[in-house]
Amino acid sequence: MIVKLENVYKIYISGSEKVYALNGVSMEVEKGESIAIMGPSGSGKSTLLNMIGCLDRPTEGKVLVKGVDTSELNDGELTKLRRDTIGFIFQHYNLITTLSALENVELPMIFKGVSRHEREKRAMELLKIVGLEQQMNRRPTELSGGQQQRVAIARALANNPEILLCDEPTGNLDTKSGEVVMDILTRLNREQGVTIILVTHDPAVAEYAQRMVRIRDGTIID
Amino acid sequence: MYFELAKRNLMRTKMRSVLAIIGIVIGVMAISSIGIFGEGLKLSVLENFQDVANEIIVTPSFSAGYMSIDRATVSKIEKLPYLSLVTPLKNKQALVETESKRMYLLVYGIDQNAVDELFEIEEGSAKLRGSCVVGNNLAERLKLRAGSKIVVDGKEMRVSGILKEEGARFDINPNKAIFISENDFKEIFGESGYSMIIVKVAKLEDIERFKDSVDKLINLRGEKIKVFEMRTIIERITEAFAQINLFLIAIAGISLLVAGVSILNIMLMSTLERTKEIGVMRAVGASRQTILRIFLYEALILGIIGSITGGFLSIFGGYLIEMAILQSAKYLFTTATIVSILEGIFFGLITAVLSGLYPAFKASKLEPIEALRYE
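Residues numbered from 1 in each chain as written. Chains lettered and ligands numbered in written order. Predicted model: local features only at pLDDT ≥ 70, side-chain atom pairs only at ≥ 80, totals over all residues.

1. Let's talk about the overall build of chain A
Item 1. Along the backbone of chain A there are seven helices and ten strands.
Item 2. Taken against the 2.2 N^0.38 rule, which gives 17 Å for 222 residues, the C-alpha radius of gyration of chain A at 17 Å falls within 12% of a compact globule.
Item 3. Here chain A, with 222 residues, has 47% of them falling under the buried criterion.
Item 4. Put simply, 69% of the contacts in chain A that link residues at least 6 apart link residues at least 24 apart. (Helix = DSSP H or I, 4+ residues; strand = E, 2+ residues; numbered from the N terminus. Rg over C-alpha atoms; globule rule 2.2 N^0.38 Å. Buried ≥ 20, exposed ≤ 12 C-beta atoms within 10 Å, placed from the backbone. Contact = placed C-beta atoms within 7 Å.)

2. Remarks on the overall build of chain B
Item 1. A count of helices and strands for chain B gives twelve helices and ten strands.
Item 2. By principal-axis analysis of the C-alpha atoms, chain B measures approximately 105 × 50 × 30 Å.
Item 3. For chain B, the residues scored as buried account for 40% of the 375 residues in total.
Item 4. Contacts in chain B between residues far apart in sequence, at least 24 positions, make up 83% of those at least 6 positions apart.

3. Some thoughts on the sheet that holds strand β6 (residues 86-89) of chain A
Residues and elements named next belong to chain A.
Item 1. Spatially, β6-β7-β8-β3-β9-β10 is the arrangement adopted by the six strands of the open sheet, whose pairing is mixed. Edge strands, defined here as strands with exactly one partner in the open sheet, are β6 and β10 (219-220).
Item 2. Pairing analysis gives five bridges linking strand β3 (residues 34-38) to strand β8 (residues 195-200), with the strands arranged parallel. Along β8, the bridge assignment pairs methionine 38 with threonine 200. (Pairing = 2+ DSSP bridges.)

4. Describing the packing of helix α5 (residues 145-156) of chain A against helix α6 (residues 175-192) of chain A
All names here are of chain A.
Item 1. Two elements in contact, α5 and α6, have axes whose closest approach is 9 Å; the angle formed by their N-to-C orientations is 15 degrees. One finds that α5 runs roughly parallel with respect to α6. Judged by the sense of rotation from one axis to the other, the crossing of α5 with α6 is right-handed. Judged by residue contacts, Gly145, Gly146, Gln149, Arg150 and Ile153 of α5 engage Ser177, Val180, Val181 and Ile184 from α6.
Item 2. Looking at side-chain class alone, the contact of α5 with α6 contains four nonpolar, four polar and one charged residues. (Axes fitted to C-alpha atoms, helices over the stretch in contact; angles between N-to-C directions. Parallel < 35°, antiparallel > 145°, perpendicular 65-115°, else oblique. Left-handed = near helix turned anticlockwise from the far one by under 90°. Nonpolar A, V, L, I, M, F, W, Y, C, P; charged D, E, K, R; others polar.)

5. Some points on the interface of chain B and chain A
Item 1. Of the residues lining the interface, 16 residues belong to chain B; the matching set on chain A comes to 18 residues.
Item 2. Residue contributions to the side of chain B that touches chain A peak at four residues, all from helix α9 (residues 275-283) of chain B.
Item 3. Across the side of chain B that touches chain A, the residue classes tally to seven nonpolar, four polar and five charged.

6. Some details on unusual backbone geometry
Item 1. One non-glycine residue, asparagine 7 of chain A, lies in the positive phi region at around 50 degrees.
Item 2. Within the secondary structure layout, asparagine 7 of chain A lies in strand β1 (residues 3-14).

7. Quick word on the pairing of strand β7 (residues 155-163) of chain B
Residue and element names in this part refer to chain B.
Item 1. Taken together, the three bridges between strand β4 (residues 121-124) and β7 define a ladder with antiparallel strand orientation. Note that in β7 the partner of glycine 124 across the bridge is glycine 161.
Item 2. With four bridges connecting them, strand β5 (residues 131-134) and β7 associate as parallel partners. For valine 133, the partnering residue across the bridge sits in β7 and is glycine 161.
Item 3. Two elements, strand β6 (residues 149-152) and β7, share four bridges in a ladder whose sense is antiparallel. By the bridge assignment for β7, valine 152 is matched with lysine 155.
Item 4. Between β6 and β7, which pair antiparallel in sequence order, lie two residues; one of them, aspartate 153, sits at a positive phi of approximately 50 degrees.

8. Some details on the confidence of the model for chain B
Item 1. Per-residue pLDDT for chain B averages 88, and the proportion of residues at 70 or more is 99%.
Item 2. With a pTM of 0.74, the predicted complex shows an ipTM of 0.90. (pLDDT = per-residue confidence, 0-100.)

9. Brief notes about helix α2 (residues 75-85) of chain A
Item 1. Listed as buried for α2 of chain A are Leu78, Thr79, Arg82 and Arg83 of chain A. The buried side chains of α2 of chain A occupy one side of the element, clustering within an arc of 135 degrees when seen end-on.
Item 2. Looking at the buried positions of α2 of chain A, the neighbouring elements they touch are β6 and α3 (101-112) of chain A together with α9 of chain B. (Arc of directions from axis to C-beta.)

10. So, α5 of chain A
An α-helical turn contains 3.6 residues, so any two residues separated by three or four positions project in the same direction.
Residue and element names in this part refer to chain A.
Item 1. Over its twelve residues, α5 extends 16 Å from the first C-alpha to the last, a length consistent with the 16 Å expected when each residue adds 1.5 Å.
Item 2. In terms of burial, α5 is a largely internal element, eleven of the twelve residues being buried.
Item 3. Looking at α5, one finds that the buried residues are Gly146, Gln147, Gln148, Gln149, Arg150, Val151, Ala152, Ile153, Ala154, Arg155 and Ala156.
Item 4. Lining the buried residues of α5 we find β6, α3, α4 (116-129), β7 (163-167) and α6. (Expected span 1.5 Å × (residues − 1).)

11. Regarding the nonpolar core
Item 1. Core analysis: the biggest nonpolar cluster contains 112 residues, and Ile37, Val105, Leu127, Leu164, Leu165 and Ile197 of chain A together with Ile263 of chain B have the highest contact counts within it.
Item 2. The element that contributes the greatest number of residues to this core is helix α2 (residues 14-47) of chain B, accounting for eleven residues.
Item 3. Listed in part, the 44 residues of the second largest apolar core include Leu138, Met196, Val199 and Ile207 of chain B. (Core = buried A, V, L, I, M, F, W, Y, C linked by C-beta atoms within 7 Å.)

12. Examining the packing of α2 of chain B against helix α11 (residues 335-365) of chain B
Residue and element names in this part refer to chain B.
Item 1. Their axes nearest at 8 Å, the elements α2 and α11 cross at an angle of 150 degrees. By the criterion of interaxial angle, the relationship of α2 to α11 is roughly antiparallel. Both α2 and α11 take part in a crossing whose hand is right-handed. Every residue of α11 that contacts α2 at Ile24, Gly27, Val28, Ile31, Ser32, Gly35, Ile36 and Glu39 is listed here: Ala336, Thr337, Ser340, Ile341, Glu343, Gly344, Ile345, Phe347, Gly348, Thr351 and Ala352.

13. Comments concerning the pairing of β8 of chain A
Every other side chain in a regular strand lies on the same face of the sheet, so the side chains alternate between the two faces.
Residue and element names in this part refer to chain A.
Item 1. Counting buried residues in β8 gives six out of six residues, a clear majority hidden from the surface.
Item 2. Of the two faces of β8, the one lined by Thr195, Ile197 and Val199 and the one lined by Ile196, Leu198 and Thr200 are each fully buried.
Item 3. Examined bridge by bridge, β7 and β8 share five bridges and lie parallel to one another. The residue bridging aspartate 167 from the neighbouring strand is valine 199, located in β8.
Item 4. Regarding the hand of the β-α-β motif, the stretch spanning β7, α6 and β8 is right-handed. (Right-handed = clockwise from strand over helix to strand, strands pointing away.)

14. Some remarks on the sheet that holds strand β5 (residues 68-69) of chain A
All names here are of chain A.
Item 1. The sheet built from four strands is open, its strands ordered β2-β1-β4-β5 with antiparallel pairing. Every other strand in the sheet has two partners, leaving β2 (17-29) and β5 as the edge strands with one partner each.
Item 2. Here β1 runs beside strand β4 (residues 60-65); their pairing, made up of five bridges, is antiparallel. In the strand pairing of β4, lysine 4 is matched with leucine 64.

Take a look at the structure:
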């Protein structure tokens, strides 16, 4: 079991009201699984993803990643966990515009302290996997949406993460680019055993996953 | 690579970065130029006093009841082997009359050798016997020339020479005085003690030695004479200039403060604009220290470029000020100039880094999830 959530709550106080973004969520993810979390807007799916990715802390309950209770980790330890174990793919790609495609992919390795030679080599390999080695010196503004998302995938894979978290990875892409991206993710899961947890509202995208988890109003309903 | 990131971030908003740098340049220039000028001013003033660093003025101790210095004391001092000059002087206010004017003036009785040693003649000769030598300002005022006749306390004397005008002196003001021989002085005013002795030591280290000798040989049983080192004046002048200079630099420092506020503003704006980017970096593994470093590097780069440019340009600034006020830039290329430039650069760098500290700290404290949500 690579990820486990035990009765997780995320409560926001809005004036005198309490908003339950997550309302007692429990779930388990096995190593090597690919899961699609589906739900309408405001269902708490992104909140759930952020919880798993250690970007956010639960108000109550536990989030365990690789058996480690993340509530007991300080900021530095959480950062390290994100850096080494988890890869993020965002809906809006979130590439650094002042860096080239290659440098964007290198970024997590820079934060890890990998040597220049090593990280350049690996970054080029990763760009090759996503089919963008010819565009490695281009800046994000010179790439299409699909290409940017592929760079983002390469970046997410930089430090060999065991888990890939994808928040609406095809949300901003046309159908064809979306398919290319999902193919890459599927290959990563099947051929390299990377655990994939993706959030989507698109059933066609959810089809790519082995398992579906439905969430509504902060509660898992499936 | 963090430096590279910082550099590229600054290039993203070129105009803003350039304006911040200009602020630092102006601040550093202000501090360094004023420092350079202040040093030049001090050296220019001290130039007049350099030759008197080894001079000591001996006067009678009025507070101990001594009105003059006796011959015996003068002889004791003259016998000290390490002195390069001993000039005892007598003086008295006396009525001096010319063809058109009459006034009371200070008349000095002095040894012939001493006149040659201490002063410079502009017109005529420095011959004292039976004649007198007149100070420059006085000669102008009384319309005297070499060869003119004046009456000193009833004795007719010929002016043998006019002295060159001198700048400020602390031992004696020759510009407004009349100098006659010791014999003539005795003839006119009668026997009297000496009013002061100008002493010069061969080496500055001997000043303390002289003070010791005076304590042991002359002032043993009571303070007969007072000893005043000219170098004390030089030290006081140097201290005064240092304080004035410091004050001026502090005023100049205000401009650097303004530059610092400008950097603070720019970097706070930058932090806000890049909130999402910071969130992304944190999400992919950047620690708080990494974010802090990147932002501090940005402030440092602005500081380095601004300070070095400002330091370099301050040479011109210092040159312009010195030419405008001192009409000379001969003090420009000294060690002190380099020190002033380095000081300016140092303060420029410190200002930039300190100004960048708060924004960098703020950026590093952003929670990844909040930063990522920022639009």
